[in-house]
Structure formats: C-alpha cells, structure tokens
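Letter by letter, the chains look like this.
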Amino acid sequence: MPLFRRLLIALVVLLSLASSAVLHGAEPKNQVLLRVWLLPLKESRGISDRANWAIVQRFMELHPEIKLEGFRGITAPGLDQEVGPLLAMAGGVAPDVLYVNFRISDSYIQQKFLYPLDEYVDKDKPLQAGIYKSIWPVIKREGHVWAIPYQTYVMALAYRKDLFRAAGLDPERPPKNWDELYNYAERLTIPEKGQYGMAVFSGPHAAWWFIDFLWSAGGDAVRQEKDGTWKAVFNDQAAVSALKFYQKLGRNRWSRGGKTYKGVAYRDTQYNDLWLLGKIAMTFTYLNDQMMATVNPNLVGIAPMPQGPTGKRGNELNCAMMGINATTKDKRVRDAAWEYIRFWASDEAIRIRCKYFVESGLARFIAPKYLRQYGYTQYLKDVPKGWEATLNEAMRSGRPEPYGHNCENIYAEMTPPLDTVWLTDNVNYQAELDKAVKHCNEKLMGIVAPRVMQFRRRVAGVVVVFLLLLFTLVFRYVIKSFSRDYEGQDSIVGSAKSKRANLKRNLFAFLIMAPALISVALWAYYPLARGSLMAFQDYKIIAGAKWVGLDNFSEVLFTPQVWKAFWNSFQFMLWMLGLGFFTPIILAMMLHEIPRGKVLYRTLYYLPAVTTGLVIMFLWKFFYNPSPAGLLNRMLEQINTSLLVHLNSAAAWMHLPMKIPLIEPQSWLGDPKLAMLCVVLPIIWAHVGPGCIIYLAALKGIPEDVYEAADLDGAGVLHKIRHITIPFLRPLIIINFVGAFISAFRSFDFIFVMTGGGPMYATHVAGLEIWYNAFLYLKFGYAVAMAWLLGSLLVGFTVFQLRILSKLQFKTAGA
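Residues numbered from 1 in each chain as written. Predicted model: local features only at pLDDT ≥ 70, side-chain atom pairs only at ≥ 80, totals over all residues. Heavy atoms only, no water.

Caption draft 1: Here's a closer look at the overall build of the chain. A tally of helices and strands in the chain yields 31 helices and 18 strands. Taking all 815 residues of the chain together, 47% fall into the buried category. A fraction of 75% describes how many contacts in the chain between residues 6 or more apart in sequence connect residues 24 or more apart. Split by element, the accessible area of the chain, about 42100 Å² in all, is 61% carbon and sulfur. (Helix = DSSP H or I, 4+ residues; strand = E, 2+ residues; numbered from the N terminus. Buried < 20%, exposed > 50% of the residue type's maximum accessible area, 1.4 Å probe, protein only. Contact = heavy atoms within 4.5 Å. Areas by Shrake-Rupley, 256 points an atom, 1.4 Å probe, with all protein chains shown as cover.)

Caption draft 2: Fine view of the pattern of salt bridges. Throughout the structure, instances matching the rule amount to 26 salt bridges. Residue D551 is joined to R457 by a salt bridge in which the shortest nitrogen-to-oxygen separation is 2.6 Å. Of this pair, D551 sits in helix α21 (residues 551-557) while R457 is found in helix α19 (residues 450-493), placing the two residues 94 residues apart along the sequence. Connected via shared salt-bridge partners are R58, E61 and E348. (Salt bridge = Lys/Arg side-chain N within 4 Å of Asp/Glu carboxyl O.)

Caption draft 3: Quick peek at the nonpolar core. In terms of nonpolar packing, the biggest core is built from 231 residues, with L34, F210, F213, F234, L249, M282 and Y340 touching the most fellow members. Among all residues touching L249, those that are not within four sequence positions of it are Y182, M198, V200, F213, G263, V264, A265 and W422. (Core = buried A, V, L, I, M, F, W, Y, C linked by side-chain atoms within 4.5 Å.)

Caption draft 4: How the structure looks around the packing of helix α10 (residues 207-216) against helix α11 (residues 237-251). Look at α10 against α11: their axes get within 8 Å of each other, and the N-to-C directions meet at 125°. In this view, α10 runs oblique relative to α11, as classed from their interaxial angle. For α10 against α11, the interelement crossing comes out right-handed. In this structure, α10 uses F210, F213 and L214 to contact α11, whose residues at the interface are A238, A239, A242, L243, F245, Y246 and L249. Partitioned by chemical class, the residues of the contact of α10 with α11 number 10 nonpolar, no polar and no charged. (Axes fitted to C-alpha atoms, helices over the stretch in contact; angles between N-to-C directions. Parallel < 35°, antiparallel > 145°, perpendicular 65-115°, else oblique. Left-handed = near helix turned anticlockwise from the far one by under 90°. Nonpolar A, V, L, I, M, F, W, Y, C, P; charged D, E, K, R; others polar.)

Caption draft 5: Expanded view of a nonpolar patch on the surface. On the surface, L600, Y601, L604, Y605, Y606, L607, V610 and I693 cluster together to form a nonpolar patch covering roughly 740 Å² of accessible area. Broken down by element, the residue count for the nonpolar patch peaks at five residues, all from helix α23 (residues 598-606). Mapped onto the secondary structure, Y605 falls in helix α23. Taking relative accessible area as the criterion, Y605 reaches 35% and is therefore assigned partly exposed. (Patch = residues over 30% accessible without salt bridge, like charges linked within 9 Å, V, L, I, M, F, W, Y side chains within 5 Å.)

Caption draft 6: Main features of the layout of surface pockets. Quantified by volume, the second largest pocket comes out at close to 1500 Å³. As for the second largest pocket, its lining consists of 37 residues, of which F471, L528, A787, W788 and G791 are closest to the centre. Mapped by element, the contributors of at least two residues to the lining of the second largest pocket are α19, α20 (496-532), α28 (717-746), α30 (766-776) and α31 (780-807). In terms of residue count, the dominant contributor to the lining of the second largest pocket is α31 (11 residues). Here the lining of the second largest pocket is composed, by residue class, of 29 nonpolar, seven polar and one charged. (1 Å grid on protein atoms, 1.4 Å probe; cavity = no way out; pocket = protein on both sides within 12 Å on 5 of 7 lines; lining within 4 Å. Points joined across faces, edges and corners; volume = space filled by probe spheres on them.)

Caption draft 7: Summary view of helix α14 (residues 347-359). The end-to-end C-alpha distance of α14 is 18 Å, a good match for the 18 Å that 13 residues give at a rise of 1.5 Å each. Taken residue by residue, α14 has A349, I350, I352, R353, C354, F357 and V358 as its buried positions. Buried residues belonging to α14 abut α2 (47-62), β6 (148-160), α13 (331-344) and α15 (368-373). Two residues or fewer after α14 comes G361, characterised by a positive phi angle close to 75°. (Expected span 1.5 Å × (residues − 1).)

Caption draft 8: Spatial organisation of the environment of R165. In this structure, R165 sits in helix α8 (residues 161-166). Separated by 23 residues in the primary sequence, R165 and L188 have C-alpha atoms spaced 9.8 Å apart. The contact partners of R165, leaving out residues within four places of it in the chain, are P171 and N298.

Caption draft 9: Broad picture of the pairing of strand β3 (residues 97-100). Burial of the side chains of β3 extends over both faces: V97 and Y99 are buried on one face and L98 and V100 on the other. Where β3 meets strand β15 (residues 315-324), four bridges bridge the pair, whose relative direction is antiparallel. Bridge pairing links L98 to G323 in β15. (Pairing = 2+ DSSP bridges.)

Caption draft 10: Structural detail: the state of the cysteines. Per the stated rule, a full pass over the model turns up zero disulfides. Free cysteine C440: the closest other cysteine sulfur is in C407, separated by 7.4 Å. What makes C440 buried here is its relative accessible area of 0%. (Disulfide = S-S within 2.5 Å.)

Encoded structure:
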C-alpha cells in the first residue's frame, strides 16, 4: 500500500476520533461511578420512560464527572419496586440510589438502609418549599430526612366512556357516591360477555384498593399513639361499613332478563388485561401531579373517588422517592447520588418532562399548573374536561399510604376479612375485623401483654429443647446405621491383611470424594450452621443482629397463619402424591403396552415439560377465568344446558319429585375449596411426561421372558403388574417417592405465581410463609425459626428414607 494512502487513512481515523470526542465529550479521568435503581433506558418506548431518559441525558450533560450505571436486580411478580431493592440489600449488591415508597419507608429506616440527608436538605430551601406539607411526616422521622420525593401520585376512578354509552350512562357524569358506583356497575355488568362493572384488586395485598373505601367511610388502617407507637385500627364502624360495601360489589344478587346474577366486580390481579380489552368498565388508577395520565381521553374518563356514606372522600396519596444507600461509604459517591436525586426533584426536571410531552404532541396530559408555569398556555384548551378538577380534588382528599411500623405488610394483614366477605354471605363483620386487627397488632406492631409473652417463651423453650434432642437422636441414628453396615461388610472380609487392603481402598475413595464433600460442607452445612443462629436473633442486614432469645420461636408457634401454612403444605403434598406420583407410573405402563405410535404419544406427553413454567401457569389462569365467559365455566354452562336441563325436564315429565340444581360458574382460584386442586393440576399436567419417560426406560429393563413365562402360567394383566412390574420398579419408585415427598412439602413457586397464597390463605404453604418473611419483610429470625420447625416435621420421613437407602444395592445390568 502506498505511503500516501496509509497517511490518508490514519488522518481519517484521527479526525473520526476527534469528532467523536467533541460530540460525546472526553471521559474525565476521575469520573465517579454511580449505580442507580431502575435507571431509565434509552431504548424505552413509553412516552413517560422516554421523558425520563431525557432527564437523565440532561443530568449527564451537566455532570460529566458522574458515570451512571443502571441496576435492576431480582424481582418478584407484581412487587418489582418493593421486593427488588430488599433482595439487593439482602445480597449486598444494592445500588447507591434506592427507590423508596411510603409503605416500605419505615423498614428501610429501621434496617438502616438509608443515609440521612440532613446535610444536603438543610441548606436547600427551594427543595424544602417544593415538598407538599402532607409528605413531610413520611420523609422526616427520628429527626432526619431519609428520602426525597420527585413525583406525587393520587388514586382516582377511571372509567370506560364507550361502555358507559353502551349502557345508556352519561360518560360526562361519573358516579359521585357509593350508591351510584354500585348502580353504575350493575348496569355495566354483562356476564354473558365476560364484562364487569368494575375491578377490585386481588391477591395477598387485596386491601391496597380497599383502603380507599375505608378512608371514604371515615376510618383508617393504622394510627400513631402519643407515645410514638403504632396501632392497627381498621375495626371500627367505618371499617364495617366499608367491608359491607366491598361484599356488596362481589356477592349481591341481582336480576336481568329473568336471570339472576351474583356480584358486579372482577377480583383478580390480572384485571388490567380485561380493562385493556374493554371487559371492565371502572377501575382505580393513579394520577400524577405532573403528567396526570397517559390514557386516551376520548375512551377513558377520570373522576374523583366516590364519596362514602358520610359524604367523605378518601384516596391514597403516594410518592416515588429516592434515597442514598447507607452502605455507600465513599463521600464522592454520596455527593454524586445527592446531585442525581436533587436533579430529579428540581424544577428543571419537571420542565424537561413537560417540554418532551409538548414536543411529542401530548401537552393535554400535562397538569395545567405546569402548562401555565412554563408558558404553554396555548395548550390549556386541549386538557381533557374535568381532569384538572379531579387532580386537585384527589390531592385535597389524599391520605398518605400507611407508613408506620412494619406497614410494608399492612395490606396482607387487612386482606383476610376481604377474602371472607367475598366468598361468604353470612359474615360477622365486626368479629372478622377484630380478629384481623388483633393479629396485626401482635405480628406487625409487636403489641403482646408481658404475661402472655412470658408464657409463650416458656412453651418455645420446651419446643427448642425437644428439637435439639430430636435432631441429635436422628444424627446419632444415621451415623450408627451406616457404621453398622460398614462394620458388617468389614467383618465378612475377616483377615487383618484384607482389612488393611480395604482401608487403603476406602482411603483412596475418600480422597476422590474429598472435593465434593468439602464443597457440600462449605456451601450447604456451614451456611446452615451459621444461619441457624438467626433463629435466636433479630437479624438486620446492616443494622446488625440483636439477641432475642426464644422470641422468634414463640412468635412462630403462636401465629395461626403458620399452622395454617403447615396444614396447607400437608394438603398440597397429599394432592401431589395422590394425583402426581402414581399418574406417570400408570401412563408409562399404558404407553409400554400400546402396539403403535409409541414415539408420537411419548412426544405429546412430554411437550408440556419443554414449555416455560410461567407460560403454563398463565395458560391455566386463563382456563380458570372466573367469569361466565371463562373456558372451564363455559364447559359447565354446556353441561347445564345439554345435560342437567334435559334431566330436569325428563324428571318433570315423569312427575318425579326431584330437581337437579344447575351448576353455577365457579371462581376456581378464588374459591378456597377449589384453589389447592386448581394449583396442583397444572403442575401434574406439566410434569407427568418426564416422569413417564423415566418409568418407560425402567420398564425396558424387565426381561420379556419373565412376562412370557407368566403368560404360559395363565397370569392376567393385574397379576403381572402386581408380581412382576411393581417388584422390578420398586427401587425406582421408592427413590422417586422420597424425592416427590420432600419436594411437594417444600414447593411453593407455582402457588406464588397463581394465587400468592390466597384466597383466605387456602394455598398459603409453609415455603411461601418462609419466603415472604425472609425476603419481602426481612424477618430472617422468624423465617429461620419456622424453617427449623418445618425440618422437624420432615425428620421422621428422612430417617425412613435413610434406612431404605442404606439397604438398597445397585448393580450393573451385567451383574
């Protein structure tokens, strides 16, 4: 290549690098790396996300010395914003800037996750002036400011204008009180189309929306006493009134066209899918104090929360907030984190967001307050009618989401009465609320009488001593059993020379197994021993551990929810073993005998196993749609029309004094009597194929001449299964049974996604209770104590398992 050409290429490369440096800016040498929770992405498609990215871009231009790095971590379905930071803190990998909301703020403060911001806030008067007065009690506690809000949200009522028109309702006149809300919902409900008048939230935190009814009735969830302690108070007459109305939405019977229906509301966590499909007429939604809502105003209307029976209106007020990770020790990084947080809460960030919306042709979604402030008054005429008044009214009537002691779990404690009234007609409302408040005050607020606590500690002491004795005896039995087997084999060999040879051979075997044994000891038994100490501590990740003696065990032993979880685990295990363990064996025997199409049938039965578990769960949730338009309910409707109606007609024609009642549409996952079975069926459907393949392989190992001899002796099918097939498969069946038993007792992943433990704790198994308390509420001591109790329930079966395994002998096919 000529020299001139080489120089030209080098010059072009240098110019390209120079222009890149000019366009993008040279990276400073002492750039600070700042890790941010859920940093907006450049590739985001949503208008709000793109506006947030514009804010990040401007921050990077102003602060080239700060390099931003996003962090998302592990999340849980439906709880991303709350679980993610907690799990990241538990793993010691949390970012420098944390997301905080009202309900989890107290736990963050008590766990010492947040760094006090007083040194920054005290000298920033404009920032202080921009924070709403009602928010200060949330962010400033124990004399310190812990987090800074950058957006405020209020709950309001959203409704579909197209469905209003179809029902003959005025879309410009939304319901103003509870009576109108119910009447509208009844007119908007069309069961045959799977259309509901409104939606209410479901799952373990169903009370998230109910609290708006509670506030509108004049009640409250928690209250702070004069001494600073918090107390649950959702059992007054206002709560009873709200609970009755909640039940009316779900169970009130009404008639149309000669048919009787029950309820006007849809209760499921997947409500938003039906809302987008136009199958739900009214729901609750958040309004933003800056960008009010990004919905089509021609299709969706926004209105204030309907007034309660006393004329009051109450709705949730919440904030998206940021705080600094207390484990961030580098002051340069803390200062960078403050600059990032301060910019998001600044007037410039709001201005950027408004400008982006205006330039995107979406100025109508901006709160009129900011259109006026930033000179976009020409767009005021485009703001949907009534939205500004709705936002102002919601801000006025807004009540901060519960933020007191342990309030991250308050909705879960308020939900059991809601489950009860949703599924039962005759309810003692006061008794249900009193029971829930009593449990909440004990578990969350720690309000237990000293004499009661003393008695519980004594009981816990007896139980802990028993557990220690039990595990000591089991360990001794295991060592003795396997040592006896070894000594028996060694005595058969006899001579000292043979013993030395065996010792040398076994020493070599132990050397080969040493890496595996060390790995198991390091990664299994050492964490088990170290973690067991947590059962006697109030363990906090950052704040340190405090010895509490037997308090964790006493709380576990006297929490009714724990024993309900153990009982549910036992039921789940019975269903799994009864339906799921023997089904693959029977199916394998059937497939083994069919003359043709074996490969086709094996493939068909195995296909569900290659499908993602999440897809399977959501597929079956679609089958379990509780509306009359749901797949299984439509099958029931076919049974009603094609079979039961004809049977009743025949009985009437024959003058028989009988009438078979028609089968009503079922709630499936929402029915405590059916929920556990509904969870088990998808698991069995998905796993029967792999189990069947294993047993088919074992059946291939049974000699054909044994069956031929049995045929010559005149043995029937059942006789051959009993005396040939089962004995040959017995070792495999025993091993699989042991694994299936333990796995069924510990499993909770399918339940977590499908029901979250509901309804009415009908599917709340032990594994779910441990997971919630350990990783959602960070009550590690409680979780470990419960795990030891769960282990003690399985220890007897473990002994049985080890006895069988010690007697099994495995031989090669040639032997």
